[in-house]
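Tertiary structure, described
Single-letter residue listing:
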Amino acid sequence: MSVIILLLIVSICIASGFLIAFLWSVKDGQMDDDTSPAQRILFDNNKINKP
Amino acid sequence: MNLDKFSYDNKLPRLFAIACIFWGATGMLLGVIAAFQLAFPILNFSEYFPHLTFGRLRPVHTNAVIFAFVGNAIFTGVYYSIPRLLKTPMWSEKLGKIHFWGWQFIIVCAAVSLLMGFTTGKEYAELEWPIDIMITLIWVVFGFNMFGTILTRRERHLYVAIWFFIGSWVTVALLHIVNSFEIPVSFMKSYSWYAGVQDALVQWWYGHNAVAFFLTTPFLGLMYYFLPKAADRPVYSYRLSIVHFWSLIFLYIWAGPHHLLYTALPDWAQSLGTVFSIMLILPSWGGMLNGLFTLRGAWDKVREDPVLKFFVVAVTCYGMSTFEGPMMSLKNVNAISHYSDWTVAHVHIGALGWNGFLAFGMMYWLIPRLYKTKLYSVKLASTHFWIGTLGILLYAIPMYWSAFRSYFMMKAFTPEGQLQYEFIDIVQTIIPFYIMRAVGGTIFLIGVFIMIYNLIKTAKAGVFQTQEDAEAAPLTKAYRAPSNAIWHSFLERKPLLLLTLSLLVVGIGGIVEMVPTFLVKENIPTISSVKPYSPLELQGRDIYIREGCYNCHSQMIRPFRYEVKRYGEYSKAGEYVYDHPFQWGSKRTGPDLARIGGKYGDAWHFNHMLEPTSMAPGSIMPSYPSLFENNIEINSTRSKIHAMRKMGVPYPDGYEAIANNDLQKQAKEIAYKLKKDNDISIPNNKEILAIIAYLQRVGKDIKLEKH
């Protein structure tokens, strides 16, 4: 069952990659504002929603 | 402040959308044909040509729906939403074109090669090694284009949908590479590097995460973009969507072992899979509720707008599947659901409901906007919605019913302690359910054709907008939170992406070095009576793989009384050490074959392959007349033995050179015995002899030890 080691290594690699990305996103302030990003994607709606 | 002027490209989203709909209809049509084949075996047409039998058609169906339909839907959404979210055109239009045409070329190669019988025999990863390499290259092209766009963005904040796309890209890349380690034997034939239990574990680690990171997370990205857009209101809780992403991404990769409950996998790994699967309910349902609550106060719009109707059912199906999945990971539930039609129902709630309806809703929203016009007919779209929903129900309910029906029949014993039903009785009982399911699928497909008509009419009424002009301020030096920690400043100096990617590259490099050593060592048999396949059996096994027998037959007997009584001694891990690839299967449309060796005579197999109903009245297996005409491919024996030994199968040195002598000798013996005992004449070089040799060998190595 040693292949499980391989899968653990790969899974941990993926997970730590995501952990780094997560830490970056916190530090970068990606999560400081949790209201306006959701609103912002709708700004161009007036233009495109009425074809 | 100066505003940059630029434009968003609509040509690639349109191309991907067309490809998505075209391959979607094709893949679903193949699914309908395959569904009818199960009820009416004559539709296999195997007397005329061997390419359309169920065993070859089903992989084309699954691959087409997953990688062609869903894949192109993802790319449509990505190429449309990312530029708009980041206020910049895609990084490179040329890479985008290479991505598009490369992906379509891969799809065509995949369909043709699978129908021709070129397959690795690992579910959802059936494509042979040259196609695997093409997939890797095109995936890298896609990644370059996506990350290039992200790095040149004008919007500092990465909207949650983009996180979902990034997570999907990274994980799919790694899954594909790890699961595709294989040794090429010839141009279109390879053996999986892993064997038996190990191969099974890697395969289902891949299989589960393919569902997670190809069918789920990218579509969640689409949901978080297109649902708020269509409802014209922000997502219910942006904070929840961020929690949804990060918790999902950290939990998903550990759940794979739940596909291997009651097998030879160590217990702790099985439990790990179960625990993480149960934990997955939380983020999944958080996401579902987030999607549905986005429509709070807007349910009147749902009544009017078919796009929102599709999205509501899609998100609901996401919730249903992600509740059902964890339940199926419980051992006691899995005992019922595994190998049964329950799994089929489960994946189709996901594929038809979640993926299908989300993609359809996206198309109904997108196409009118690309053509700057209104949807041709809202009424037709609503009709599609109702027909599609009916199709899903008609598909799923018979499958659930059939799963329980067959489970209760499988485990029924007479008072004397004998099995009450033969396998064939169970097959006969569930044929009506197969028919209902096929009708449900047909109805769903009719809905798709209604959509195609509606969208073509829409496109004709409008004018295609090749691009959409936009303007935005350039990205200024961003605010950064003050930081004292050392690794913080380290991260700051290095571009994050480079770090992540290099970490992955290092990881892969290390693994490539380590794998051969510990895998080959592992293959020293733990059961002394288990021997490598003879050359004829090996060729027979490759025919078994080519014909996709694993699509209907498992080779893994679980330790239950009703399975041991029906099929024989339960399977041991040590029996599979020479199986490159493993052939455990995931669905028992026909009986398990792990102990088929010696169960019947050679003549039984001979007649059964020629006409299954002659030996098993009521069987729905296709006949395989081509096996009686094709010659055994003896030219490949040499390289096959060579490749096997490279992976640690203990054939003696120099055996390649004389392997064909043994092969011919064994084939001659079988042919001679058929002639002598049953008066059946067959030339010594036909494929049927190889498949008989293989089937008579399966599971026999340890039989004598036990009984």
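This text follows the structure it describes.
Residues numbered from 1 in each chain as written. Chains lettered and ligands numbered in written order. Predicted model: local features only at pLDDT ≥ 70, side-chain atom pairs only at ≥ 80, totals over all residues.

1. A word on the overall build of chain B
The following threshold applies: Put simply, DSSP marks the helices as runs of H or I at least four residues long and the strands as runs of E at least two long, and each gets a number from the N terminus on. Each radius of gyration is computed over the set of C-alpha atoms, and the globule rule expresses the reference value as 2.2 Å times the number of residues to the power 0.38. Any two residues are considered in contact once their C-beta atoms, placed from the backbone, lie within 7 Å.
Summing up its helical and strand segments, chain B has 25 helices and 4 strands in all. Taking 2.2 N^0.38 as the reference for a compact globule, 707 residues should give roughly 27 Å; the C-alpha atoms of chain B span a radius of gyration of 27 Å, in line with that estimate. Each of the three principal axes of chain B carries a C-alpha extent, and together these read 90 × 55 × 45 Å. Long-range contacts, defined here as pairs at least 24 residues apart, represent 83% of the contacts in chain B between residues at least 6 apart.

2. With respect to the overall build of chain A
Selection rule: Whether a residue is buried, exposed or partly exposed is read from the other C-beta atoms within 10 Å of its own C-beta, which are placed from the backbone; 20 or more gives buried, 12 or fewer gives exposed, and intermediate counts give partly exposed.
Secondary structure assignment for chain A yields 3 helices and 0 strands. Taken from the N to the C terminus, the helices and strands of chain A come in the order α-α-α. In chain A, buried positions account for 25% of the 51 residues.

3. Quick look at the pairing of strand S4 (residues 467-472) of chain B
Residue and element names in this part refer to chain B. Here is the rule: Whether two strands pair depends on DSSP finding at least two bridges between them.
For S4, the buried fraction is low: 0 of the 6 residues fall into the buried class. For strand S1 (residues 4-9) and S4, the ladder comprises 6 bridges, and the chain directions are antiparallel. In the strand pairing of S4, Lys-5 is matched with Glu-471.

4. Some points on the nonpolar core
All names here are of chain B. Which entries qualify depends on this criterion: Each nonpolar core comprises buried Ala, Val, Leu, Ile, Met, Phe, Trp, Tyr and Cys residues, the members being joined through C-beta atoms within 7 Å.
Counting 212 residues, the largest nonpolar core has Leu-201, Ala-314, Leu-358, Met-363 and Ile-691 as the members making the most contacts within it. For this core, the element with the highest residue contribution is helix H6 (residues 196-231), accounting for 23 residues. Dropping the residues within four chain positions of it, Met-363 is found in contact with Ala-17, Ile-21, Met-451 and Leu-455.

5. Focus on unusual backbone geometry
Only a minority of non-glycine residues have a phi that is not negative, and only a minority of peptide bonds are not trans. All names here are of chain B. Here the residue pair His-580 and Pro-581 is connected by a cis peptide bond, since its omega of -10° sits within 30 degrees of zero. The phi dihedral of Tyr-124 is positive, around 65°, even though this residue is not glycine. Within the secondary structure, Tyr-124 sits in the loop between helix H3 (93-115) and helix H4 (129-151). For Asp-679, which is not a glycine, the phi torsion comes out positive at approximately 55°. Structurally, the position occupied by Asp-679 is in the loop between helix H23 (655-678) and helix H24 (687-697).

6. Looking at helix H15 (residues 423-461) of chain B
So the rule is basically this: Any helix carries an expected span of 1.5 Å times its number of residues minus one. Two axes enter the definition of the bend at a residue: one is fitted to the seven residues ending there, the other to the seven starting there, and the bend is the angle between them.
With 39 residues, H15 of chain B ought to run about 57 Å at 1.5 Å a step, and its terminal C-alpha atoms sit 56 Å apart, in line with that. The largest bend along H15 of chain B reaches roughly 35° and is located at Ile-430 of chain B, with the proline Pro-432 of chain B sitting one to four residues downstream.

7. So, helix H7 (residues 238-252) of chain B
With 15 residues, H7 of chain B should cover 21 Å at 1.5 Å per step; its first-to-last C-alpha distance of 21 Å lies within 8% of that length. Here H7 of chain B has its buried residues at Tyr-238, Ser-241, His-244, Phe-245, Leu-248, Ile-249, Leu-251 and Tyr-252 of chain B. Summarising the contacts, the buried residues of H7 of chain B are in contact with helix H1 (3-27) and helix H2 (36-40) of chain A together with helix H5 (160-179), H6, helix H8 (267-279) and helix H9 (281-293) of chain B.

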